[in-house]
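Chain by chain, the residues:
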Protein chains: 2
Amino acid sequence: MEEKELEKEVLRQYNILKRGCEEIINEAEFKEKLRKSIKTNTPLKVKFGIDPTGSDLHIGHAVPLRKLKQFQDLGHEPIFLIGTFTARIGDPTGKSETRKMLGMDVIEKNIKTYLDQLKLILDIDKLTVRYNHEWLESLNLTDVLNLLSKFTVSQMVAREDFSKRLEAGKPVSLIEFMYPILQGYDSVELNADVELGATEQKFNILRGRDLLKDFDKEPQICMLMPILVGLDGVEKMSKSLGNYIGVKDTPNDMFGKIMSISDDLMFVYYEQITDIPIDEIEEIKKNMHPMEAKKKLAMELIKIYYSEKEALEAREYFENVFSKKNLDVELPEVSISLDEVSIIDLLVTHLNFYKSTSEARRVITQGGFKVNDEAIKDISHVLKLEDGLVIKAGKKNIVRIKK
Amino acid sequence: MEEKELEKEVLRQYNILKRGCEEIINEAEFKEKLRKSIKTNTPLKVKFGIDPTGSDLHIGHAVPLRKLKQFQDLGHEPIFLIGTFTARIGDPTGKSETRKMLGMDVIEKNIKTYLDQLKLILDIDKLTVRYNHEWLESLNLTDVLNLLSKFTVSQMVAREDFSKRLEAGKPVSLIEFMYPILQGYDSVELNADVELGATEQKFNILRGRDLLKDFDKEPQICMLMPILVGLDGVEKMSKSLGNYIGVKDTPNDMFGKIMSISDDLMFVYYEQITDIPIDEIEEIKKNMHPMEAKKKLAMELIKIYYSEKEALEAREYFENVFSKKNLDVELPEVSISLDEVSIIDLLVTHLNFYKSTSEARRVITQGGFKVNDEAIKDISHVLKLEDGLVIKAGKKNIVRIKK
């Protein structure tokens, strides 16, 4: 490859890969690594580690995984590292308490579910999957002391979540210091060229960079991705907060959830969860009606996890049910054996649309409860259940009663 | 054994053993351990650990070793633990800097010299000697994590020498946290009933007490001995400060050094380095002339490391040379091939009495240099060396010239 072509290819890969990154430590070294990789036809080893502590992936988790896919598409070698050993410790990052150790049975179940979902994002057949118990289990006390000798107390205590807890007088177990050190040692074992992670992983990923140097190896590039904000536009996306889109959500759910976000958040998502080029996104922002832009975003998302066909169908479903008030579409059907029921009971107990009667009451009084498209606002109303009745509650709950 | 006799024996042992201790944690538990031991005829396991980092024992080191001897004489089982593994880390206690790891060759040489000197104090044939590399070398990462999980950062940082260094912005390596933890784990391996150590070891010895509880074993008693003050009466006794009496010092040196201490320090030494009963010491303090009391102390010390005969000889030597000015005693002889020599050269180069010419000069001008008991104060004097000349310099240097 000629020098000029080489530089062009370096820049092309660099531009693709830096998209959506919050920070790359450091950029010059990263370009140099790409240059050497392309020149010698040696794929970069790109480490991304997870702890098998949970298993339901949402599109926030998918952000770095899709970055990994980009590396894969460019011919590099993503290494998906499963912290089978470190999960026993638990990474305290961002947590305000010492975590419990996990049992091996739970860990194995989580890995299975995790890899199963990974297929939706990466070419799993071409993916190197490693488990860190392979090397960590055989470390002995001398090895551990050698690792510990590379770090000082002040360095560890400087980590934000540690210092905050210490200042608040909350206990930080010594075992927690080991997590970043062992995560760093994984990079030594894997000879990682790049480690990918969320911004909150910066401290840990930098420790890998330190340790590679300590072991006389080329330091890894730290590639830090922002943490995806949840549907509420405020908190980070998380299952426990309920503000998430799961990668296994149905196309209709994905569509509906995207339609519920704010216009500002929509453009954050455009950049972080799709591959649409930045200039095209600018174009959309300027010239497309927000409602239309949001539908396009929803379709792009569904295309990633399903197909173009399913994206179109989800759009049609949404438009039919929620926009055009056309009730001829095929609706989910629910059998209820009762002849009549109080509408609060119906919403909370039988249809499970709401968790509490107070939530249901609010929707009803605000006119959000409709039977055959007519609002019923009386919370004490008792409904006679007949075959074919269409029940709507709020913006996204709709069923047909089957007798 | 009857209940009454048992209690009497418990109290007898307790009173012997508590002598010279600064702190026992805790006393009630210790009595209970003694009671159980006597009742079931099961010797207490008494751990005393050293790091084979140095090898010249002085009578300060001997303080806990003589306590160990008391346990031995009472039928208990002293365990002399050599930190063959932990020496590689180095205990930072009382040090203001991270220590260097020691090589195995140095460690082995030190152990040999150490055990050789130990014979002077303990019955080494009845002594259990253990090396902590035996169990620490086989610890793996999981074991280490388990140990680390028992301690918090705040707990470690609370140790005085750590907190001082951290406050001063000096580095504390993470490896140093391991020392007290591993010292504690040694107690678990040894099932220690008692751990003996200097007061500065309190933090570390308490960690052993913690860990025994964590491992569902009976917590060890912490028996803390004061650190012996050196001959200067100010600093702790240490080889590097030169204020020490080595256990291998000659009887004459021991005698001379004891005679040089202050009257106050003499009674501290009476209590800490001899076995003379406390009431007898009180008697001496009240009724004996200080010079005579000091001579008695010197003899007691020599009796411990040598014999009564050698103690008497040392006393005679001291009295003859330094007190009675009687030169008929057998003096050390020195051959010098020169016919004449400047007296400065004689003292510094040939006799090595002083390290610098300025020191020698001072002694001479002050009249401390004597030939056949006549002072020569002229520093430029050149002495004609003849067989039989007796050279004295200062209070403690005396030789006879042999031609």
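Reading guide: rules and limits
- Residues numbered from 1 in each chain as written.
- Chains lettered and ligands numbered in written order.
- Predicted model: local features only at pLDDT ≥ 70, side-chain atom pairs only at ≥ 80, totals over all residues.
- Heavy atoms only, no water.
- Helix = DSSP H or I, 4+ residues; strand = E, 2+ residues; numbered from the N terminus.
- Buried < 20%, exposed > 50% of the residue type's maximum accessible area, 1.4 Å probe, protein only.
- Contact = heavy atoms within 4.5 Å.
- Pairing = 2+ DSSP bridges.
- Axes fitted to C-alpha atoms, helices over the stretch in contact; angles between N-to-C directions.
- Buried area = accessible area lost by both parts, 1.4 Å probe.
- Salt bridge = Lys/Arg side-chain N within 4 Å of Asp/Glu carboxyl O.
- Polar contact = N/O pair within 3.5 Å; in protein donor to acceptor, adjacent residues only side chain to side chain.
- Nonpolar A, V, L, I, M, F, W, Y, C, P; charged D, E, K, R; others polar.
- Phe/Tyr/Trp six-rings, centres within 6.5 Å; stacked < 30°, edge-to-face > 60°.
- Lys NZ or Arg CZ within 6 Å of the ring centre and 35° of its normal.
- Least-squares fit on C-alpha atoms with pLDDT ≥ 70 in both.
- Patch = residues over 30% accessible without salt bridge, like charges linked within 9 Å, V, L, I, M, F, W, Y side chains within 5 Å.
- Areas by Shrake-Rupley, 256 points an atom, 1.4 Å probe, with all protein chains shown as cover.
- Lys, Arg positive; Asp, Glu negative; His and termini not counted.
- Charge placed at Lys NZ, Arg CZ, Asp CG, Glu CD.
- Parallel < 35°, antiparallel > 145°, perpendicular 65-115°, else oblique.
- Left-handed = near helix turned anticlockwise from the far one by under 90°.
- Domains from an automatic or database assignment.

### Quick notes on the overall build of chain A
A tally of regular secondary structure across chain A gives 17 helices and 13 strands. Viewed in the frame of its principal axes, chain A has a C-alpha envelope of about 75 × 55 × 35 Å. For chain A, buried positions account for 50% of its 403 residues. For chain A, the share of sequence-separated contacts (at least 6 apart) that also reach a separation of at least 24 residues comes to 69%.

### With respect to the sheet that holds strand S5 (residues 194-198) of chain A
Hydrogen bonds between backbone atoms are what pair the strands of a sheet, whose relative direction is either parallel or antiparallel. All names here are of chain A. Read from one edge of the open sheet, six strands run S1-S6-S5-S2-S3-S4, paired in mixed fashion. The open sheet has two edge strands, strand S1 (23-25) and strand S4 (128-131), and neither has a second partner. Neighbour-to-neighbour, the strand axes of this sheet turn through a mean angle of 25 degrees, independent of strand direction. Sheet topology places strand S3 (residues 77-82) next to S4; four bridges connect them, and they run parallel. Residue pairing for S4: Leu81 is matched across the bridge by Arg130. Along the sheet face, helix H10 (residues 202-214) touches S1, S5 and strand S6 (221-225) and points at about 170 degrees away from the line of S6.

### Describing the interface of chain B and chain A
Between chain B and chain A, the residue contacts involve 29 residues of the former and 29 residues of the latter. Its largest share of buried area at the contact with chain A, chain B owes to Leu141(B), Val153(B) and Leu174(B), together 30% of the area lost on that side. Our count for the contact surface shared by chain B and chain A stands at zero salt bridges. Linking chain B to chain A there are six residue pairs in polar contact (both at pLDDT 80 or more). Residue assignment for the side of chain B that touches chain A shows that the elements contributing at least two residues are helix H6 (141-148), helix H7 (153-157) and helix H9 (175-190) of chain B. Of the residues in the side of chain B that touches chain A, the class split is 21 nonpolar, six polar and two charged.

### Some points on the packing of aromatic side chains
Inspection of every chain in the model, using the stated rule, returns 16 aromatic pairs over all chains. Consider the rings of Tyr14(A) and Phe30(A), whose centres lie 5.9 Å apart with planes at 50 degrees: the pair is tilted. With a gap of 16 residues between them, Tyr14(A) in helix H1 (residues 3-18) and Phe30(A) in helix H2 (residues 27-40) connect regions that are remote in the sequence. Owing to a relative accessible area of 3%, Tyr14(A) belongs among the buried residues under this scheme. Both rings, one in Phe162(A) and one in Phe177(A), keep their centres 5.3 Å apart while their planes meet at 65 degrees; by these two values the pair is edge-to-face. Remark: Phe177(A) occurs in helix H9 (residues 175-190) and Phe162(A) occurs in helix H8 (residues 160-167); sequence separation between them is 15 residues. The same class applies to Phe162(A) and to Phe177(A), which are both buried. Through pairs of rings, three or more aromatic residues link up here, namely Tyr14(A), Phe30(A) and Phe71(A). Directly above the aromatic system of Phe162(B) lies the positively charged group of Arg159(B), at a separation of 4.4 Å from the ring centroid. Residue placement shows Lys285(B) over the ring face of Phe267(B); its charged tip is 5.4 Å from the ring centre.

### Overview of the relation of the copies chain B and chain A
The two chain copies are related to each other by a rotation about an axis together with a translation along it. The transformation that overlays chain B on chain A combines an axial shift of 0.1 Å with a rotation of 179 degrees, and the residual RMSD is 0.6 Å. Within this description, the copies of the chain are treated as partners about a two-fold rotation axis. Across chain B, the smallest distance between a C-alpha and the rotation axis is recorded for Asn140(B), namely 2.0 Å. When you check the interface residues of chain B against chain A, 100% turn up at the interface there too, and the contact is symmetric in its surfaces.

### Details of unusual backbone geometry
Ile25(A) connects to Asn26(A) through a cis peptide bond whose omega is -10 degrees. Along the polypeptide, Asn26(A) turns up in the loop between S1 and H2. Within the chain, Asn352(A) stands out as a residue other than glycine whose phi angle is a positive 55 degrees. Position of Asn352(A) among the secondary structure elements: in the loop between helix H16 (343-350) and helix H17 (357-365). Not every positive phi belongs to a glycine, and Asp216(B) is a case in point at roughly 55 degrees. Assignment of secondary structure puts Asp216(B) in the loop between helix H10 (202-214) and strand S6 (221-225). Relative accessible area serves as the criterion here: at 72%, Asp216(B) is assigned to the exposed category.

### Concerning the pairing of strand S12 (residues 390-393) of chain B
All names here are of chain B. Burial along S12 is two-sided: the residues Val390 and Lys392 and Ile391 and Ala393 are all buried. Examined bridge by bridge, strand S9 (residues 369-371) and S12 share three bridges and lie antiparallel to one another. Across the sheet, Phe369 pairs through a bridge with Ala393, a residue of S12. Across four bridges, S12 lies against strand S13 (residues 397-402) in antiparallel orientation.

### A short note on the side chain of Lys295(B)
Residue and element names in this part refer to chain B. Within the secondary structure layout, Lys295 lies in helix H14 (residues 290-305). A distance of 3.0 Å separates a polar atom in the side chain of Lys295 from a polar atom in the side chain of Glu319. Setting aside residues no more than four positions away along its own chain, Lys295 makes contact with Phe255, Met259, Arg315 and Glu319.

### Regarding the pairing of strand S3 (residues 77-82) of chain B
All names here are of chain B. Counting buried residues along S3, five of its six residues qualify, which places the element largely inside the surrounding structure. Inspection of the sheet shows strand S2 (residues 45-50) paired to S3 by six bridges, in the parallel sense. Within S3, the residue paired with Phe48 across the bridge is Phe80.

### Remarks on a negative patch on the surface
All names here are of chain A. A cluster of acidic side chains, namely Glu271, Asp279, Glu280, Glu282 and Glu283, defines a negative patch on the protein surface. When residues of the negative patch are assigned to their parent elements, the largest contribution, four residues, is made by helix H13 (residues 278-287). Tracing the backbone through its elements, the reader meets Glu280 in helix H13. What makes Glu280 partly exposed here is its relative accessible area of 39%.

### Describing the sheet that holds strand S9 (residues 369-371) of chain A
What the five strands build is an open sheet, ordered S7-S13-S12-S9-S10 (chain A); its pairing is mixed. Two strands in the sheet have a free side with no partner beyond their single neighbour: strand S7 (333-335) and strand S10 (374-375) of chain A.

### A short note on the side chain of Ser238(A)
Here Ser238(A) is to be found in the loop between S6 and helix H11 (251-259). When near neighbours in sequence (up to four residues on either side) are disregarded, Ser238(A) contacts His58(A), Asn243(A) and Tyr244(A).

### Here's the deal with the packing of helix H12 (residues 263-273) of chain A against H13(A)
Residues and elements named next belong to chain A. Where H12 contacts H13, the axes come no closer than 10 Å and their chain directions differ by 160 degrees. Viewed along their axes, H12 and H13 adopt a mutual orientation that is roughly antiparallel. Note on packing geometry: the crossing formed by H12 with H13 is right-handed. Here Phe267, Tyr270 and Glu271 of H12 lie close against H13, whose contacting residues are Ile278, Ile281, Ile284 and Lys285. Classifying every residue of the contact of H12 with H13 gives five nonpolar, no polar and two charged.

### Some details on the domain arrangement of chain A
Reports of interface size often rely on the accessible area that becomes lost once the parts have come together. All names here are of chain A. Along its sequence, chain A is organised into domain 1 (3-225), domain 2 (251-323) and domain 3 (333-402). For domain 1 versus domain 2, the distance between C-alpha centres works out to 31 Å. Between domain 1 and domain 2, the contact holds eight residues from the first and 13 residues from the second. Each partner contributes to the roughly 940 Å² buried at the junction of domain 1 and domain 2, and carbon and sulfur atoms together form 50% of this total. Of all residues in domain 1, Arg19, Ile59 and Arg66 bury the most surface against domain 2, accounting for 67% of the area lost on that side. There are one salt bridge connecting domain 1 and domain 2. With a closest N to O distance of 3.0 Å, Asp275 and Arg66 form a salt bridge. Taken together, domain 1 and domain 2 are joined by six residue pairs in polar contact (both at pLDDT 80 or more). Residues belonging to the side of domain 1 that touches domain 2 are distributed by class as follows: five nonpolar, one polar and two charged.

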